[in-house]
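Residue-level structural notes
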Protein chains: 2
Amino acid sequence: MADRIRIIQYGLGPIGSAMARHVLERAGLELVGGVDVDPTKVGRDIGDVIGLGRVTGLSISDKLSTVLERTAADLVLHTTSSYFDRFKPQIMEILDAGLDVISTAEELSFPWLAHAEDAAEIDALARRVGKTALATGVNPGFLMDSLPLNLTAICQQVQRIDVRRAQNASLRRGPFQAKIGSGMTVEEFYAKMAAGRMGHVGLPESVGMVFDTLGKQLVRYESGVEPVVADHPIQTPFFAVQPGRVAGLKQVARAYAPEGEFMTLTFVAALDWEEDCDTITITGRPNLEVKLKGTNGDIATIAIAVNAVRRVRQAAPGLLTMRDLPIVTLW
Amino acid sequence: MADRIRIIQYGLGPIGSAMARHVLERAGLELVGGVDVDPTKVGRDIGDVIGLGRVTGLSISDKLSTVLERTAADLVLHTTSSYFDRFKPQIMEILDAGLDVISTAEELSFPWLAHAEDAAEIDALARRVGKTALATGVNPGFLMDSLPLNLTAICQQVQRIDVRRAQNASLRRGPFQAKIGSGMTVEEFYAKMAAGRMGHVGLPESVGMVFDTLGKQLVRYESGVEPVVADHPIQTPFFAVQPGRVAGLKQVARAYAPEGEFMTLTFVAALDWEEDCDTITITGRPNLEVKLKGTNGDIATIAIAVNAVRRVRQAAPGLLTMRDLPIVTLW
């Protein structure tokens, strides 16, 4: 048992629950506790909440400190909020408790541009306590940043990087279908967008990691979201969408270096969308086109967070990003 | 000038010459010397030998020590032999001189299985002198090992890894067309194969890196090479191949874990071969299929060796492999 890394799952929503289930099936890892503020979950057995079909003997607490009164731990898997103002106190609390942390928080995946001061504060704390913080996921963390960066390894020059992620949302879970606006009117979609939290989070972070690593100066960043409107009736286990209603969204981010547009990120996720693949196109010497099929968002995000555990445990203290670690692999 | 990394190019064949040309066009690098044992090159200006169209003021020496009498240096780019017995004294000599080294020597890319004792000796010397040695290239070094490993980051389970590299050799340089047997009779092909040095070098090293990193036990390894025979007359700028003669080769390596075949590597390179792409297929959770177009071998190998300079300069001393470094990128 001494060699097993003791994990606390912080956040037990759909992704956190699936992550806890995966931790329980991985050799080398031991789930020792769970944290969630949801009063309908606090006090219940983790196995019950995550749909394990058996009890674990571990009850969910609303505070990390309560878990740590009962058990020692090594590393926290953190899946609560995407947004810096919400997760920052949690990340600080985890590091303060002397634990490594791997988070799926999009805005932490490369915080050195949009949240430089807060990032420096987390980094300083991590170094002071000798622990490591990392945020990762399939996107941001992989498809639109660390993987394209890895592909530039075989390029002598790069003039442009385009990444297009297209997902047939009919194949995904209900909350994902909801998140992309399925069933809304176009007016509702734009109203929600105006309220600020419609669309995929993390495109600026992917741009930041790529520009910073390649030594490019980011002079302008544009991003837009628009609805994909159903042209035929669509039925999923979760939504019935009439023609004219929203079936998903398309988001495009453009990032410019002084010499012009250098990176274009396109994110399309819609019900009944035929395309279901990712394409990375690098214009340079050589020109590269890389097509990926099968990069299911939930499975992949859980995998990369758990697979990163080994590298994080070996890493130097501090707030790291995916471009700082040796390649993360299954282990 | 103080910030530029001073490079010696060791080996000025086709790849070494192209690498030297690339070093000369890269900001942050300074070519300070060249080594080659070929008496037709020794004493000539590097610019003349590599087809630069101008003189560099640097004359080629047959010994590294001679170059180092004239200049200080930081790192050697090494492109001489694929085979351990031939390159080992050169790598030791470079480290002994207090220089970092990046080599394209296939058998050095992951030497911990086939050449463990020799590798340990190089590693010990590197640590003693505080320098870093790495071997890389597009294959081994990337397509069949570090890139598939990187793709396992988004997998929760992996049952099998298949990599197929298919190259239309008509698009490649003459020496490559010759190396794959173009124009030979089938008898000549098999005779050369029996002599031991026909086929792509590096498949066992790719297998070794993947198995070792994923914690798999390698219980059996099989590899076979066969000719691709022309079924129509083929004309390239370098070869005229009649039907029935050899147009290229197909090589398959199979690597087994205790539970069965885990990794299959297929390497096809032939004149007029329609397929010109690489496919990485991972069977697991999720199933992934990744297709790459444009991974030109020479351009990519030169790129990855030169791009690795930054990571090697930052790395801890020792003999490293691509899975030990943070992702190599253009810089």
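Coordinates for the structure precede this section.
Heads up: these notes are all about the structure in this document. What you are looking at is a predicted structure, and each value in this text was computed from that prediction instead of being measured.

1. Examining helix H1 (residues 14-25) of chain A
- When the terminal C-alpha atoms of H1 of chain A are compared, their 17 Å separation across twelve residues agrees well with the 16 Å that a helix rising 1.5 Å per residue should span.
- Along H1 of chain A, the residues classified as buried are Ile-15, Gly-16, Ser-17, Ala-18, Met-19, Ala-20, His-22 and Val-23 of chain A.
- Residues of H1 of chain A that are buried in the fold lie against strand S1 (5-10), strand S2 (29-35), helix H2 (46-49), strand S3 (75-78) and helix H10 (297-314) of chain A together with strand S12 (277-285) of chain B.

2. Looking at the sheet that holds strand S14 (residues 318-320) of chain A
Residue and element names in this part refer to chain A.
- If you trace the six strands from one edge of the open sheet to the other, you get S2-S1-S3-S4-S5-S14, paired in parallel fashion. Single-partner strands in this sheet number two, and they are S2 and S14. Taken pair by pair, the neighbouring strands of this sheet meet at an average axis angle of 20°, ignoring direction.
- Looking at chain direction, S1 and S3 are connected through four bridges and run parallel. Paired with Gln-9 across the two strands is Leu-77, which belongs to S3.

3. Here's the deal with a positive patch on the surface
- Together, Lys-291 and Lys-293 of chain A together with Lys-291 and Lys-293 of chain B make up a region of like positive charge exposed at the surface.
- For the positive patch, the secondary-structure elements that each account for two or more residues are strand S13 (288-293) of chain A together with strand S13 (288-293) of chain B.
- Among the secondary structure elements, Lys-291 of chain B is positioned in strand S13.
- The partly exposed category is assigned to Lys-291 of chain B, whose relative accessible area is 33%.

4. Brief notes about the relation of the copies chain B and chain A
- Mapping chain B onto chain A leaves a residual RMSD of 0.0 Å; the transformation is a rotation of 180° accompanied by 0.0 Å of translation along its axis. When the rotation and shift are considered jointly, the pair of chain copies conforms to a two-fold rotation axis. For chain B, the minimum C-alpha distance to the rotation axis belongs to Pro-326 of chain B and amounts to 1.9 Å.
- Looking at chain B, 100% of its interface residues are interface residues in chain A too, so the copies touch through the same face.

5. Topic: the interface of chain B and chain A
- At the junction of the two partners, chain B supplies 46 residues and chain A supplies 47 residues.
- Taken together, the two surfaces of chain B and chain A that pack against each other cover about 3,800 Å², and 60% of this comes from carbon and sulfur.
- Joining chain B to chain A, the criterion identifies two salt bridges.
- For the salt bridge of Arg-285 of chain B with Glu-25 of chain A, the shortest nitrogen-to-oxygen distance reads 2.6 Å.
- On the surface where chain B and chain A come into contact, there are 21 residue pairs in polar contact (both at pLDDT 80 or more).
- Put simply, the parts of the chain that give the side of chain B that touches chain A at least two residues each are helix H1 (14-25), helix H6 (146-151), strand S6 (157-168), helix H9 (203-214), S13 and helix H10 (297-314) of chain B.

6. Here we look at the sheet that holds strand S7 (residues 220-229) of chain A
- With mixed pairing, twelve strands are arranged side by side in an open sheet as S7(A)-S10(A)-S11(A)-S6(A)-S12(A)-S13(A)-S13(B)-S12(B)-S6(B)-S11(B)-S10(B)-S7(B). The open sheet has two edge strands with one neighbour each: S7 of chain A together with strand S7 (220-229) of chain B. The average angle at which neighbouring strand axes cross in this sheet is 10°, direction not considered.
- Judged from the five bridges that link them, S13 of chain A and S13 of chain B form a sheet pairing that is antiparallel. Pairing of Leu-292 of chain A across the sheet is with Val-290 of chain B, part of S13 of chain B.
- In this fold helix H8 (residues 186-194) of chain A packs onto S7 and strand S10 (246-257) of chain A, with an angle of close to 155° to the strand it touches most, S7 of chain A.

7. Considerations on the packing of aromatic side chains
- Counted by the stated rule, this structure contains six aromatic pairs over all chains.
- Ring geometry for Phe-84 of chain A versus Phe-87 of chain A: centroids 4.7 Å apart, planes at 50°, classification tilted. Note that Phe-84 of chain A and Phe-87 of chain A are positioned in helix H4 (residues 84-96) at a spacing of three residues, about one turn of the helix. Phe-87 of chain A shares its class with Phe-84 of chain A; the two are buried.
- With a centroid separation of 5.5 Å and 90° between ring planes, the pair formed by Phe-211 of chain B and Phe-262 of chain B is classed as edge-to-face. Here Phe-211 of chain B is found in helix H9, whereas its partner Phe-262 of chain B is found in strand S11 (residues 260-270), with 51 residues between them in sequence. Each member of the pair, Phe-211 of chain B together with Phe-262 of chain B, is buried.
- Lying across the ring of Phe-176 of chain A, Arg-172 of chain A places its NZ or CZ 3.9 Å from the centre.
- Over the ring of Phe-262 of chain A we find Lys-216 of chain A, and its NZ or CZ is 4.7 Å from the ring centre.

8. Examining unusual backbone geometry
- With an omega of 0°, the peptide bond between Arg-285 of chain A and Pro-286 of chain A qualifies as cis.
- As for its placement among the helices and strands, Pro-286 of chain A is situated in the loop between strand S12 (277-285) and S13.
- Even without being glycine, Asp-272 of chain B reaches a positive phi, approximately 55°.
- Mapping Asp-272 of chain B onto the fold places it in the loop between S11 and S12.
- We classify Asp-272 of chain B as partly exposed; its relative accessible area is 39%.

9. So, the packing of H4 of chain A against helix H5 (residues 116-129) of chain A
All names here are of chain A.
- The geometry of H4 relative to H5 is characterised by a closest axis approach of 9 Å and an angle of 10° between their N-to-C directions. It follows that H4 is roughly parallel to H5 by the angle criterion. Contacts between H4 and H5 involve Phe-84, Lys-88, Ile-91, Met-92, Leu-95 and Asp-96 from the first element and Asp-118, Ala-119, Glu-121, Ile-122, Leu-125, Ala-126 and Val-129 from the second.
- Residues belonging to the contact of H4 with H5 are distributed by class as follows: nine nonpolar, no polar and four charged.

10. Considerations on the pairing of strand S4 (residues 100-103) of chain A
Residue and element names in this part refer to chain A.
- On S4, burial covers both faces: Asp-100 and Ile-102 on one face and Val-101 and Ser-103 on the other are all buried.
- Pairing of S3 with S4, which is carried by four bridges, proceeds in the parallel orientation. Looking at the pairing, Leu-77 lines up with Ile-102 of S4.
- As for the winding sense of the linkage, the β-α-β connection from S3 through H4 to S4 is right-handed.
- The sheet contact formed by S4 and strand S5 (residues 132-135) spans three bridges and is parallel.

Reading guide: rules and limits
- Residues numbered from 1 in each chain as written.
- Chains lettered and ligands numbered in written order.
- Predicted model: local features only at pLDDT ≥ 70, side-chain atom pairs only at ≥ 80, totals over all residues.
- Heavy atoms only, no water.
- Helix = DSSP H or I, 4+ residues; strand = E, 2+ residues; numbered from the N terminus.
- Expected span 1.5 Å × (residues − 1).
- Buried < 20%, exposed > 50% of the residue type's maximum accessible area, 1.4 Å probe, protein only.
- Contact = heavy atoms within 4.5 Å.
- Pairing = 2+ DSSP bridges.
- Axes fitted to C-alpha atoms, helices over the stretch in contact; angles between N-to-C directions.
- Patch = residues over 30% accessible without salt bridge, like charges linked within 9 Å, V, L, I, M, F, W, Y side chains within 5 Å.
- Areas by Shrake-Rupley, 256 points an atom, 1.4 Å probe, with all protein chains shown as cover.
- Salt bridge = Lys/Arg side-chain N within 4 Å of Asp/Glu carboxyl O.
- Lys, Arg positive; Asp, Glu negative; His and termini not counted.
- Charge placed at Lys NZ, Arg CZ, Asp CG, Glu CD.
- Least-squares fit on C-alpha atoms with pLDDT ≥ 70 in both.
- Buried area = accessible area lost by both parts, 1.4 Å probe.
- Polar contact = N/O pair within 3.5 Å; in protein donor to acceptor, adjacent residues only side chain to side chain.
- Phe/Tyr/Trp six-rings, centres within 6.5 Å; stacked < 30°, edge-to-face > 60°.
- Lys NZ or Arg CZ within 6 Å of the ring centre and 35° of its normal.
- Parallel < 35°, antiparallel > 145°, perpendicular 65-115°, else oblique.
- Nonpolar A, V, L, I, M, F, W, Y, C, P; charged D, E, K, R; others polar.
- Right-handed = clockwise from strand over helix to strand, strands pointing away.

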